[in-house]
Protein chains: 2
Amino acid sequence: MARIAIIGLGLIGGSLGLALKATPREDLAIWGYDEDGRARERARLIGAVDRAVESPRAAVADAGLVVVATPAARIADVFEAIAPALAPDAVVTDVASTKGRILEWAAQHLPQHVSFVGGHPLAGKTEAGVEHAEAGLFQGRPYAVVPSEGAGETAIRSVVGLIHAVGAQERFMTADEHDHFVAAVSHLPLAASTALFTLLRRSQSWADFGKIAGPAYHDLTRLASGDPDLAADIASMNREEIQYWLDRYILELKRFRDLLDGPNEEILAEFANAQSDRARFLAGEDLEDQPRRGAVPDSRPSMAAMLLGPKIYARLRGVTKRAAPGARAARERP
Amino acid sequence: MARIAIIGLGLIGGSLGLALKATPREDLAIWGYDEDGRARERARLIGAVDRAVESPRAAVADAGLVVVATPAARIADVFEAIAPALAPDAVVTDVASTKGRILEWAAQHLPQHVSFVGGHPLAGKTEAGVEHAEAGLFQGRPYAVVPSEGAGETAIRSVVGLIHAVGAQERFMTADEHDHFVAAVSHLPLAASTALFTLLRRSQSWADFGKIAGPAYHDLTRLASGDPDLAADIASMNREEIQYWLDRYILELKRFRDLLDGPNEEILAEFANAQSDRARFLAGEDLEDQPRRGAVPDSRPSMAAMLLGPKIYARLRGVTKRAAPGARAARERP
């Protein structure tokens, strides 16, 4: 009987359990641990785990695959705690939204006889906790895979198997790429949303603002309602990348501000380009394009520094490209 | 038979017509005009107007209430066109998202024998055009009312009657207040959303960003998909207020950026405060509060300069406050 251990039974850990149990295999058992006894009990009751155990070590003993789904800042401690109990050739993965630090911790704390393959499902919702877990959370979503230097093909296949089992789509990348990309599409929006909420909330006219605020302000500040622990972990663990993107965003806002002093036609062109580009984005149509005329270079090279060595890396990227449904759709459209 | 004229049959004009017809009064007739013949025909077919006519003048002749629902930048031309045909004592209102310029245009172009009462429903959606009109668009939404200097009580009551008939809630304010408030809660989010989309779209790594972008990026860039004409009108007509708020937002983002260099506890406190404050906001709980400790002053005084004279203005504000459900709920909660 194959055993999977899930350490940390919150929204993501619980949803992974539910998604795995939704495609039942008789030979698969899921054991889970959370330091919160109520979360453990709840996870067992909703069927996210077959067995809830009393310690991380008990969960990982004899497990072939260990998923660490605790808050990111706690992962070093979890690695340290489970290290002595990990089975030989066990595969360890995580679900944190940063990868650089996690890979360092894995190298530091996990024994040589296990393989670490970092993971990050690009999925979630505003609510935290196992009570909001759902089996469909990962369906059709991208799932970043960041293998450690020593991870072999079997270990990588094991994590990709997990990703497919929960309905997600693997995307291979290096830790640097991951942290740079995710800072742009996820952490920058979090910061922008929180700052927009806080700015008006702390204004003297807040009572007036709040009373006339409509869908625009509601939607744009939604991320300010996310789990503060998760947000703070992200902010401190991926600080430099977030600051890099905040600087870029500030420059973009200044450009936008100055544009308003210019001719009306340029203002209209700015909004019209954004609208049509976003329509193409939503239709999956422009993701293979070269950058547009006037594109600002990223100023840091796409870090193709290969943790896996160039050959494996290139092969893995190739697999992802062939498998990507968005890419196929783009080519097939007229 | 009372007659209402709607000039401009787009999302807002069409929805106003549908909402009015949804509470049918036998003695009310709605005549509409749009320069686009298809929009006219469509508005008539879906029942947003009783009659679609061929010119703005034909629509307003004998109308007691005229609603100008064209793009904001066109309103001066509409005023000029309808001026000679307006009935004595007719009331003219609009639905534009800026008010200062519109009131100037009304003073300039409308005859002395009519009253202008500016209006702005804080409602809408991403899609434009009468084909997206719906009767429930204004239900429970705030609706700003900005009477011109000469507008009497009967004219104001007429516009408030329209607002109640479509299910909205009137909020009296001056044009300066309106343009300042709306820049904060609506135009700043529009600019922030568009800039966030454009920043990543023009980056060299766009193809990678687009493939892993999840709900955070999607939601935060939603407003970039709005009607570019409307957005450009807003940006040029309320330019100074938007620039003021963009400057404040840039400062807030810089503060946020620097906060990330500080201790983890302060980062956590920032997110935790935002989360709990937004929960209170969503529950309607904090809108009567004094500004928080550390509140940044708005740097421009709340413009209580009264277009109506201080007495009427104070009375109207009093009415709005008593009627505001959010305010009541806040006081009734423990």
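These numbers come from a predicted model, not from an experiment. (Residues numbered from 1 in each chain as written. Chains lettered and ligands numbered in written order. Predicted model: local features only at pLDDT ≥ 70, side-chain atom pairs only at ≥ 80, totals over all residues. Heavy atoms only, no water.)

Visitor: If you had to explain the packing of helix H7 (residues 175-201) of chain A against helix H12 (residues 264-282) of chain B to someone new, which residues and values would you point to?
Guide: When two helices pack together, their arrangement is captured by the angle between the axes and the distance separating the axes. Close contact between H7 of chain A and H12 of chain B brings their axes to 10 Å; oriented N to C, the two are set at 60 degrees. When the axes of H7 of chain A and H12 of chain B are compared, the crossing they make is left-handed. Residue-level contacts link Leu 190, Thr 194, Phe 197, Thr 198 and Arg 201 of chain A of H7 of chain A to Glu 270, Phe 271, Ala 274, Asp 277, Arg 278, Arg 280 and Phe 281 of chain B of H12 of chain B. Residue classes in the contact of H7 of chain A with H12 of chain B are distributed as five nonpolar, two polar and five charged. (Axes fitted to C-alpha atoms, helices over the stretch in contact; angles between N-to-C directions. Helix = DSSP H or I, 4+ residues; strand = E, 2+ residues; numbered from the N terminus. Left-handed = near helix turned anticlockwise from the far one by under 90°. Contact = heavy atoms within 4.5 Å. Nonpolar A, V, L, I, M, F, W, Y, C, P; charged D, E, K, R; others polar.)

Visitor: Outline the side chain of Ser 97 of chain A, listing residues and values.
Guide: If you trace the backbone, Ser 97 of chain A turns up in the loop between strand S5 (91-94) and helix H5 (100-109). Those residues in contact with Ser 97 of chain A, other than ones at most four positions away along the chain, are His 120, His 178, Val 182, His 187 and Ile 234 of chain A.

Visitor: How would you sum up H7 of chain A? Please name residues and give values.
Guide: All names here are of chain A. Between its first and last C-alpha, H7 extends 36 Å over 27 residues, near the 39 Å set by a 1.5 Å rise per residue. At Ala 183, H7 shows its maximal bend, which comes to roughly 50 degrees. Within H7, 25 of the 27 residues are buried, which leaves it mostly tucked inside the rest of the structure. (Expected span 1.5 Å × (residues − 1). Bend = angle between axes of the 7 residues up to and from the residue. Buried < 20%, exposed > 50% of the residue type's maximum accessible area, 1.4 Å probe, protein only.)

Visitor: Before we move on, can you summarise the interface of chain B and chain A with the specific residues and values?
Guide: Quite often, the size of an interface is put as the accessible area lost when its parts meet. In this complex, chain B contributes 99 residues to the contact, which on the side of chain A involves 98 residues. Note on chain B versus chain A: buried area summed over both sides is about 9700 Å², and carbon and sulfur give 65% of it. Among the residues of chain B in contact with chain A, Arg 202, Ile 212 and Arg 278 of chain B are the three that bury the most area, contributing 8% of the side total. At the boundary of chain B with chain A, the tally comes to eight salt bridges. Salt-bridge contacts for Glu 270 of chain A lead to Arg 202 of chain B; the nearest nitrogen and oxygen are separated by 4.0 Å. Contributing elements (two or more residues each) for the side of chain B that touches chain A: helix H7 (175-201), helix H8 (206-212), helix H9 (215-220), helix H10 (228-237), helix H11 (239-259), H12 and helix H13 (310-323) of chain B. With 19 residues, the single largest contributor to the side of chain B that touches chain A is H7 of chain B. Grouping the constituent residues of the side of chain B that touches chain A by class yields 52 nonpolar, 18 polar and 29 charged. (Buried area = accessible area lost by both parts, 1.4 Å probe. Salt bridge = Lys/Arg side-chain N within 4 Å of Asp/Glu carboxyl O.)

Visitor: Residues and numbers for the pairing of strand S5 (residues 91-94) of chain B, please.
Guide: All names here are of chain B. In S5, alternate side chains face the same way, and those of Val 91 and Thr 93 on one face and Val 92 and Asp 94 on the other are all buried. By the bridge criterion, four bridges tie strand S4 (residues 65-68) to S5 in an arrangement that is parallel. Paired with Leu 65 across the strands is Val 91, a residue of S5. Each parallel crossover has a hand, and for S4 linked through helix H4 (residues 75-82) to S5 it is right-handed. Inspection of the sheet shows S5 paired to strand S6 (residues 115-121) by two bridges, in the parallel sense. (Pairing = 2+ DSSP bridges. Right-handed = clockwise from strand over helix to strand, strands pointing away.)

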